[in-house]
Amino acid sequence: MQPSKIKHHQAQEKKANNVLVKYIPQMIENLKKYKEVYDYIEKKHGVNREIIAAILLKETKLGKIKPTHDAFIVFNTMVVRTKPNSSREKWLLKMGKTNMASIISHCYKAGLIPEECNLPSSYAGAVGIPQFMPNSFIYAVSYKNTVADLTNMEDAIVSAANFLHKKATFTQLINWDKMPDIPKVEAQWYEYDYATKNASFVYETSKSGKVYNCFTKGKPELQKMKGFTKKIMRYNNSSNYAVGVMRLAYGAHYYID
């Protein structure tokens, strides 16, 4: 995403988080329908079912949003049109090439010929219900088959859990009773983010040395939430995204019909 678009995107994320709260009943239905699969991922990966359902809700409204692009075409267009004139453009070129290679490798493993290798994706090339970038296909696993199908809900659930387990070392279930009042924390975070330059929910500095104003710094009561939010940010490196996932998961856990 272009730096000039980031602030607007953050504001839209807040709106999206607030809107998605009304879909918590659909999360509950999904959790009940695929209880066997969610039992499996909690036991095997130590990732809470509510966290995975919240991620899938945010990504594609639990599969209701159908991608309209083709992943290979997205990255091929990126590679053909990008000129390596800046560090960002060089990064885009490399990213496009590696994602194309991942798509080819995935289709080869699935036994697909080139004409059949059509992976419905977002405009950015993210694939399936959990919106995996092709470079993340290494974390895609199937619940019952050899090759994962990310358009299949069961495979989407176990793949998202496997991603957090392996890439974010999410190995221990959240004890929701030891979490703070997450809806209240979320509202406080939004106020802080709006009023504070370079705000981050979890980070004080970036790998490149950029300094952030960390919302959870010096707040012992928020450290457990901070730790799990940081893990979710390995899925999407946005404070608003991760806090939104925690909010939805918390609401689903304590949902009363």
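Residues numbered from 1 in each chain as written. Predicted model: local features only at pLDDT ≥ 70, side-chain atom pairs only at ≥ 80, totals over all residues. Heavy atoms only, no water.

Peer 1: Tell me about the state of the cysteines, and name the residues and values.
Peer 2: Tallied over the entire structure, the rule returns 1 disulfide. A disulfide bridge connects cysteine 107 with cysteine 117, and the sulfur atoms are separated by 1.6 Å. Measuring the twist about the S-S bond at about 70°, one finds the cysteine 107-cysteine 117 disulfide to be right-handed. Of this pair, cysteine 107 sits in helix H6 (residues 87-109) while cysteine 117 sits in the loop between H6 and strand S2 (120-121), placing them 10 residues apart in sequence. Given a relative accessible area of 13%, cysteine 117 falls into the buried group. (Disulfide = S-S within 2.5 Å. Helix = DSSP H or I, 4+ residues; strand = E, 2+ residues; numbered from the N terminus. Buried < 20%, exposed > 50% of the residue type's maximum accessible area, 1.4 Å probe, protein only.)

Peer 1: Could you give an account of unusual backbone geometry, naming the residues involved and the relevant values?
Peer 2: Even without a glycine there, the phi angle at leucine 62 is positive, about 60°. One can find leucine 62 in the loop between helix H4 (49-60) and strand S1 (69-70). The backbone of threonine 169 shows a phi angle near 45°, a positive value even though the residue is not glycine. You can see threonine 169 is positioned in the loop between helix H7 (153-167) and helix H8 (182-195).

Peer 1: Report on the nonpolar core, specifying residues and quantitative values.
Peer 2: Judged by nonpolar contacts, the single largest core of 73 residues is most densely connected at Ile51, Ile52, Leu164 and Met246. Of all the elements, helix H10 (residues 239-253) adds the most residues to this core, at 9 residues. (Core = buried A, V, L, I, M, F, W, Y, C linked by side-chain atoms within 4.5 Å.)

Peer 1: Report on the environment of threonine 171, specifying residues and quantitative values.
Peer 2: Within the fold, threonine 171 resides in the loop between H7 and H8. Taking the C-alpha atoms as reference, threonine 171 lies 30 Å from asparagine 198; in sequence the two are 27 residues apart. With sequence-adjacent residues up to four places away left out, threonine 171 is seen in contact with His45, Gly46 and His165. (Contact = heavy atoms within 4.5 Å.)

Geometry only, nothing functional implied.
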